[in-house]
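Structural features, examined
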Amino acid sequence: MLKNSNLSPKAISASRIVMTELMIPAYANFGGKIHGGILLSLMDKAAYACAAKHAGGYCVTVSVENVDFMAPVEVGELVSIFASVNYVGRTSMVIGMRVTAENVETGLVKHTNTSYFTMVAKDETGSPTLVPPLILESSEDVRRFWEAMRRKELKKQFKGDFDNEKNELNIDSALHHFEGERCVLGF
Ligand SMILES: CC(C)(COP(=O)(O)OP(=O)(O)OC[C@H]1O[C@@H](n2cnc3c(N)ncnc32)[C@H](O)[C@@H]1OP(=O)(O)O)[C@@H](O)C(=O)NCCC(=O)NCCS
């Protein structure tokens, strides 16, 4: 049974957070750039903090979307994660995150990625629990809510279509699609 005693609508601004961390050498990969996994871990923490503030309780990460790192992050840069609740369902919340990296010596700021994590609120028994509705305070909030709704619908549609194609896959007909692909048959 879903239960949550505090279900008054909450403003997005009430749970919006900014998390900032300096990138130290221990976070670097063999190429001297920051590991993608370090950034993912920071984003997961930011998503948790934002979701738990909105839900007023414990949350788990369920899905991670749109993680395309568009620019490398260097040691010595200051990474900031701007996180806010973009959408709420019954027990789930989509946290939108914009990640930037600032060169603290020059002040140059680059946008490394914008990603969306779906978090689900859990009650003390570990079951998903209702989260407060969201108060949309600006046309930007409305746009983000709509985008999250559409992403959710399209993801469901994609999953259905893809599962159907996989179930109907015939290896011989799949090979016709490989023309121009960089593979050779080894059997
Ligand atoms: C995800 C999880 C909560 C689903 O539990 P469930 O009992 O099947 O509950 P439901 O089917 O009612 O789903 C709960 C919500 O999650 C959403 N959800 C489930 N799978 C999802 C997915 N792959 N992507 C996005 N949302 C998803 C549902 O849409 C639902 O949202 P809503 O209540 O807002 O409509 C459960 O599988 C779980 O706890 N997973 C482990 C999460 C975890 O431990 N994360 C840490 C990673 S180590």
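Above this note sits the structure.
The rules behind these values
- Residues numbered from 1 in each chain as written.
- Predicted model: local features only at pLDDT ≥ 70, side-chain atom pairs only at ≥ 80, totals over all residues.
- Helix = DSSP H or I, 4+ residues; strand = E, 2+ residues; numbered from the N terminus.
- Rg over C-alpha atoms; globule rule 2.2 N^0.38 Å.
- Buried ≥ 20, exposed ≤ 12 C-beta atoms within 10 Å, placed from the backbone.
- Contact = placed C-beta atoms within 7 Å.
- Near = placed C-beta within 6 Å.
- Core = buried A, V, L, I, M, F, W, Y, C linked by C-beta atoms within 7 Å.
- Pairing = 2+ DSSP bridges.
- Axes fitted to C-alpha atoms, helices over the stretch in contact; angles between N-to-C directions.
- Expected span 1.5 Å × (residues − 1).

Helices and strands together make up the secondary structure of the protein chain, namely three helices and seven strands. Ordered by position in the sequence, the α and β elements of the protein chain form the string β-β-α-β-β-β-β-β-α-α. Taken against the 2.2 N^0.38 rule, which gives 16 Å for 187 residues, the C-alpha radius of gyration of the protein chain at 20 Å runs more than 25% over that of a compact globule. By its C-alpha atoms, the protein chain is 60 × 50 × 35 Å across when sized along the principal axes. For the protein chain, the residues scored as buried account for 26% of the 187 residues in total. At a minimum sequence separation of 6, the contacts of the protein chain that also span at least 24 residues come to 74%.

Bringing the site of the ligand into the picture now. For the ligand, the full set of nearby residues is V60, T61, V62, S63, G89, R90, T91, S92, T118, V120 and P128. Sorting the residues of the shell around the ligand by element identifies β3 (59–65) and β6 (109–121) as the ones contributing at least two each. Of the residues forming the shell around the ligand, the biggest block, four residues, is contributed by β3.

Another point: the nonpolar core. Nonpolar side chains in soluble globular proteins tend to be buried together. Within the largest apolar cluster, 33 residues are counted, with the highest numbers of intra-cluster contacts made by M43, A47, M93, I95 and M97. Among the elements that line this core, the one with the most residues is helix α1 (residues 36–55), at eight residues. Leave out the neighbours within four places in its chain, and A47 touches T61, A83, I95, M97, F117 and M119.

On to the sheet that holds strand β4 (residues 77–88), then. Strands sit in the order β2-β4-β5-β6-β3 across an open sheet of five strands; the sheet is antiparallel. Unpaired on one side and paired on the other, β2 (17–22) and β3 mark the two borders of the sheet. Direction aside, the axes of adjacent strands within the sheet are offset by 30° on average. Sheet topology note: the β3/β6 ladder contains six bridges and is antiparallel. Within β6, the position partnered with S63 by the bridge is T118. Of the strands in this sheet, β4, β5 (92–103) and β6 are in contact with helix α2 (residues 139–167), which crosses β4 at around 80°.

Compared with an ideal rise of 1.5 Å per residue, which puts 20 residues at 28 Å, α1 spans 28 Å between its outermost C-alpha atoms and is within 8% of the ideal. Residues L39, L42, M43, A46, A47, C50, A51, H54 and A55 constitute the buried set of α1. Contact partners of the buried residues in α1: β1 (10–11), β2, β3, β4, β5 and β6. A positive phi of about 75° marks G56, the residue just after α1.

A few words now on unusual backbone geometry. A positive phi angle is found at N66, which is not glycine, with a value near 65°. Along the polypeptide, N66 turns up in the loop between β3 and β4.

Moving on, we get to α2. Its 29 residues give α2 an end-to-end C-alpha distance of 42 Å, which sits within 8% of 42 Å, the value for a rise of 1.5 Å per residue. Sparse coverage of α2 is indicated by the burial of two of its 29 residues.

What follows is about the environment of K152. Mapping K152 onto the fold places it in helix α2. Residue class for K152 comes out partly exposed when judged on the 18 C-beta atoms lying within 10 Å of it. Sequence spacing of K152 and V94 is 58 residues, and the spatial spacing of their C-alpha atoms is 9.6 Å.

Geometry only, nothing functional implied.
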